[in-house]
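Residue strings, one per chain:
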Amino acid sequence: MTTAPDLRPAAVSADSVLEGLDPEQRQVATTLDGPVCVLAGAGTGKTRAITHRIAYGVHSGAYVPNRVLAVTFTARAAGEMRTRLRDLGVAGVQARTFHAAALRQLQFFWPQAIGGTLPNLAEHKAPLVADACNRLRLSSDRARVRDLAAEVEWTKVMLVDADDYVAAATRAGRGEPGGLDLPTVARVVRTYEEVKTDRAVIDFEDVLLLTAGILDERPDVAATVRQQYRHFVVDEYQDVSPLQQRLLDLWLGEREDLCVVGDASQTIYSFAGATPEHLLDFPRRHPGAKVVRLVRDYRSTPEVVQLANSVLSMASGRHARARLELIAQRPSGPAPTFTAYDDDVAEASGVAARIAAEVRAGRSAKDVAVLFRTNGQSQALESALADAGVGYVVRGGERFFSRKEVRDAIVLLRGATRAALPGHDLGAEVRAVLTSAGWAERAPSAAGSVRERWESLQALVVLADELAVTRPGAQLADLVEELIERASAQHAPTVDGVTLASFHAAKGLEWDVVHLVGVSEGLLPISFAETPDEVEEERRLLYVGVTRAREAVHVSWANSRTPGGRASRKPSRFLDNLRPEAAGGAPRARSASPRSAKRSGPVQCRVCGASLTAAVERKLGRCADCPSSYDEAVFERLREWRASTSRAASVPAYVVFTDATLTAIAEAMPADTDALARIPGVGPSKLEKYGEDVLAVLTTG
């Protein structure tokens, strides 16, 4: 009789689990008795080490799977851990976030410990905070509510009640959340709790607080939990808050069966209550703890690793003493690049051009990321990528034109067009309109949503200034039309796109190529980082950004915010002694544009012969005040062709060619595709798609 082949996976042995681990990872995997502290640098295989530790413990008989609790900070990380354990032949291990693990216990024990039904879990704090503000007769605009919701969360994770809030917030330098003084914020915190009680709901932090409270007050419940879970693993331990540590201590009791994994150099969430002190103090709190350091970097090339090490080499404070010197394991790759641009618009265009060239050469767009410090920086990048025909996705936030403050501002600008008078200065008009939406000449000193709202509005001001240069005489209605076109172009759905993300949102992710933009004083470190600890956290943000790259890192900054603006910005202090220019003295600004790199000497206006300094003026080939040298009939024919082409393709006219590009074409009057290709804004893809049609329009008399 023929026997059917056994298609089940081969049994995994304890020894086979250890195969392929480096010496340090093997040490982690085979140290099954706690306490264990794993200091794991970026890209060193920490998840591999701790999952193999659990698998080795199970297959060797030391662990019972359902008595192991692995705690992570994100559902994605928990899912990845479960998948890896399943691949290692281990089932039944509980891999959950702190909140998921606590909620499971709270739902089970609530009836016997408290009685009745567990209150509903409020999905969002915003409605509760808004109600609290209304009860106190405080305005409850979206930005204030968001900041106050974050402050309520901070009080809970830091185990601070309303009575102690003012003193604790003063010590922590919390500023004025939502623009309110600290005593008023304390009243909001107290009223927020009253609102929750009235609505019979709890929030996410309450899940941890209530679970900890039950475990603390009910020894029988605590004994049941401790009997269920014998071994604990905590990932990203540098981000544990006092509340999470309190719950972890209650889970453990007097036991030491704990393995923690973290990297103090990746602590970037202190504003939300995360603190690496628990990681740094672990050997003191757990005498006899085994400490293992993972420093072999399998993610990044030696060049990227060297840059990452160099970023932290000048760090100070307690975190710096705990830093890990990474050792690259991958083959060599390209050296990091450092590029200075004239302004934010030029930087965005230069980065987009570099990415577009790589995509044309075969690089998948999803393997590229552009990281920035504030969400307001995304607008110029979104616009430049859309203009270059490169798809993108925004991670950890809304696309620029989807943000409420931007949509509201466009409505205000559109309404103002009805009263606008011809000949008025566009920039001044826009500033006047947006002042009513919360814009001011000076950026808010505090962080949070108020700052982000200002950054978004400031981006609209910059767009107005740019349009005033590229289209002299442009009025408010022209700006509104431009904004609507840009919004339409940038809202197209993308699947395989470049990732745009803040440094914070990029934590835990990686790409082949990473562009770090806006690495200048005032942005990184951010202007409101004033204390030494705050500045050092900004340095760690840059470190996290660099270590996201597998193959290449491109660092850039702009010398001014707006085209033609005063070059008052300086490269970030974190780049001192890292840039090739800095080693030899004064930095040398370099343009990423291939065409610009070939030029020698200043670019001159084709009308008056003056040297052009602003990026937009160089793009036009003339001073902003000089009259255009193109044939207006040719320009109108190009506009008519663009309109019919965009209608046929069902895309905004902006996507085909911008007005600035049409102006440059009309001025240059290229006779062939080679000449057309040399015009800014005419990339290879657009040349192939529209080149012959454009030349035909130019030859039509």
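Located above this text is the structure these notes cover.
Residues numbered from 1 in each chain as written. Predicted model: local features only at pLDDT ≥ 70, side-chain atom pairs only at ≥ 80, totals over all residues. Heavy atoms only, no water.

Undergrad: Looking at this structure, how should I read the nonpolar core?
TA: Looking at soluble globular proteins, one finds that nonpolar side chains tend to be buried together. Judged by nonpolar contacts, the single largest core of 41 residues is most densely connected at Leu215, Phe232, Val234, Tyr237, Leu248, Trp251 and Leu258. In terms of residues, this core owes the most to one element, helix H5 (residues 98-113), which gives seven residues. The contact partners of Leu215, leaving out residues within four places of it in the chain, are Gln105, Val221, Ala222, Val225, Leu247, Leu250 and Trp251. Counting residues in each nonpolar core, the second largest holds 38 residues, with Val305, Phe338, Ala340 and Val544 among its members. (Core = buried A, V, L, I, M, F, W, Y, C linked by side-chain atoms within 4.5 Å. Buried < 20%, exposed > 50% of the residue type's maximum accessible area, 1.4 Å probe, protein only. Helix = DSSP H or I, 4+ residues; strand = E, 2+ residues; numbered from the N terminus. Contact = heavy atoms within 4.5 Å.)

Undergrad: How should I be thinking about the pairing of strand E16 (residues 549-560) in this particular structure?
TA: Most of E16 sits out of view: eleven of its twelve residues are buried. Sheet analysis places strand E11 (residues 337-343) next to E16, joined by six bridges and oriented parallel. Note that in E16 the partner of Thr337 across the bridge is His554. (Pairing = 2+ DSSP bridges.)

Undergrad: I'm lost on helix H20 (residues 426-435) in this one. Help?
TA: Three- or four-residue spacings in an α-helix give side chains the same orientation, since the helix completes a turn every 3.6 residues. Considered for burial, the residues of H20 that qualify are Leu426, Gly427, Glu429, Val430, Val433 and Leu434. Looking straight down H20, one finds that the buried residues subtend no more than 160° of arc, so they occupy a single side. (Arc of directions from axis to C-beta.)

Undergrad: Looking at this structure, I do not really get the sheet that holds E16. What am I missing?
TA: Consider a sheet: its strands pair through backbone hydrogen bonds, and that pairing is either parallel or antiparallel. Spatial strand order, E11-E16-E15-E12-E14-E13: six strands in an open sheet with parallel pairing. Pairing within the sheet leaves two strands with one partner each, and these edge strands are E11 and strand E13 (392-395). Averaged over all pairs of adjacent strands, the angle between strand axes in this sheet comes to 25°, irrespective of strand direction. Taken together, the five bridges between strand E15 (residues 511-516) and E16 define a ladder with parallel strand orientation. Each bridged residue has a counterpart across the sheet, and for Trp511 the counterpart in E16 is Ala549. (Axes fitted to C-alpha atoms, helices over the stretch in contact; angles between N-to-C directions.)

Undergrad: What is the right way to read the side chain of Asp344 from this model?
TA: Following the sequence through the fold, Asp344 ends up in helix H17 (residues 344-360). Those residues in contact with Asp344, other than ones at most four positions away along the chain, are Ala380, Ala558, Ser560, Arg561 and Arg569.

Undergrad: Where do I start with the pattern of salt bridges in this structure?
TA: Oppositely charged side chains can pair when the atoms bearing their charge come close. Per the stated rule, a full pass over the model turns up 35 salt bridges. The residue Arg135 makes a salt bridge to Asp198 at a minimum N-O spacing of 2.9 Å. Within this pair, whereas Arg135 is found in helix H6 (residues 126-135), its partner Asp198 is found in helix H9 (residues 182-199), the two being separated by 63 residues in sequence. The class for Asp198 is exposed, based on a relative accessible area of 55%. Salt-bridge contacts for Arg190 lead to Asp163; the nearest nitrogen and oxygen are separated by 3.0 Å. Taken together, the residues Arg190 in helix H9 and Asp163 in the loop between helix H7 (142-157) and helix H8 (165-172) connect sequence positions 27 residues apart. A relative accessible area of 64% places Asp163 in the exposed class. A cluster of three or more residues bridged by salt bridges with shared partners is formed by Arg299, Glu358, Arg363, Glu510, Asp512, Arg550 and Glu551. (Salt bridge = Lys/Arg side-chain N within 4 Å of Asp/Glu carboxyl O.)

Interpretation in functional terms is not warranted from these geometric data alone.
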